[in-house]
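# Overview (structure and organization)
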Amino acid sequence: MAFCIAVIGKDNAPLYLTTADMEQELDLQYHVHAALDVVEEKCLIGKGAPESKELYLGLLYSTENHKIYGFVTNTRVKFIVVIDSSNVALRENEVRAIFRNLHLLYTDAICNPFYIPGESLTSKNFDRAVQKLMSGNA
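Note that the coordinates shown come from a computational prediction; the quantities given were computed from them, not determined experimentally.

Time to look at the pairing of strand β4 (residues 66-72). A regular strand places its side chains on the two faces of the sheet in alternate fashion. Counting buried positions over the seven residues of β4 gives six, a clear majority of the element. Here strand β3 (residues 56-62) runs beside β4; their pairing, made up of five bridges, is antiparallel. Directly across from tyrosine 61, in β4, lies its bridge partner isoleucine 68. The turn joining β3 and β4, which pair antiparallel and follow one another in sequence, is formed by three residues. In this structure, β4 lies alongside strand β5 (residues 78-84), joined through seven bridges in antiparallel fashion. By the bridge assignment for β5, glycine 70 is matched with isoleucine 80. Hairpin connection, β4 to β5: the antiparallel pair is bridged by five residues, and arginine 76 has positive phi, about 70 degrees.

Structure, rendered in C-alpha cells:
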C-alpha cells in the first residue's frame, strides 16, 4: 500500500523514516524532503485563515511512480506518506485513515515517559505498528 512513511519534526529534522523497498530508500527520502517545501507553503497559506483547522493537507504532489500526501499536527510535526501511483483503488478517505492511525501511533509513542521530545523515534512497537500500517493490515 504505502512505499514510505516519514515523521518530520517541527524543525524539519526527520524523527522517523521507513521504506518498504530498501533499494529505493534514497529516492524516497528525496521525495519526502521535496514534499517538505510544499508542506511549508501550504502551512503559510493556511496561517492567514484562522478558521482553517484542517490537519490533513491532501496530495502534495505526484510523480510518475508515486503520490505524496501530507499531514501536519497541532505541534507542527509533519507526516509524509508516499504511495504507489498505479494504485488507483486507494481513495482519499483511506489516505485520511492512514494518517489518523499514524497520528494515534505517534501519540502513543511520544507518551512514553522515557521519550525525549525532538529525538528520533526508536520504539520497536511503533516501528512494528507502522510496518503493519504500510502493508495495509492495520
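The nonpolar side chains of a soluble globular protein tend to be buried with one another. Counting residues in hydrophobic clusters, the biggest one holds 25 residues, and the most contacted among them are Ile5, Val7, Phe79, Phe99, Tyr106, Leu121 and Phe126. When residues of this core are traced back to their parent elements, those giving at least two are β1 (2-8), β2 (14-19), β4, β5, α2 (92-110) and α3 (124-135). Tallying contributions element by element places α2 first for this core, with six residues. Aside from chain neighbours lying at most four places away, what touches tyrosine 106 is Val7, Leu15, Val77, Phe79, Leu121 and Phe126.

With 12 residues, α3 extends 17 Å from end C-alpha to end C-alpha; this agrees with the ideal 16 Å at 1.5 Å per step. Within α3, the full set of buried residues consists of Phe126, Val130, Leu133 and Met134. Buried residues along α3 cover an arc of 100 degrees about the axis, so they all sit on one side. The outward face of α3, more than 90 degrees from its buried face, is lined by the exposed residues Lys124, Asn125 and Arg128. Contacts made by the buried residues of α3 are with β1, β2 and α2.

How each quantity is defined
- Residues numbered from 1 in each chain as written.
- Predicted model: local features only at pLDDT ≥ 70, side-chain atom pairs only at ≥ 80, totals over all residues.
- Heavy atoms only, no water.
- Buried < 20%, exposed > 50% of the residue type's maximum accessible area, 1.4 Å probe, protein only.
- Helix = DSSP H or I, 4+ residues; strand = E, 2+ residues; numbered from the N terminus.
- Pairing = 2+ DSSP bridges.
- Core = buried A, V, L, I, M, F, W, Y, C linked by side-chain atoms within 4.5 Å.
- Contact = heavy atoms within 4.5 Å.
- Expected span 1.5 Å × (residues − 1).
- Arc of directions from axis to C-beta.

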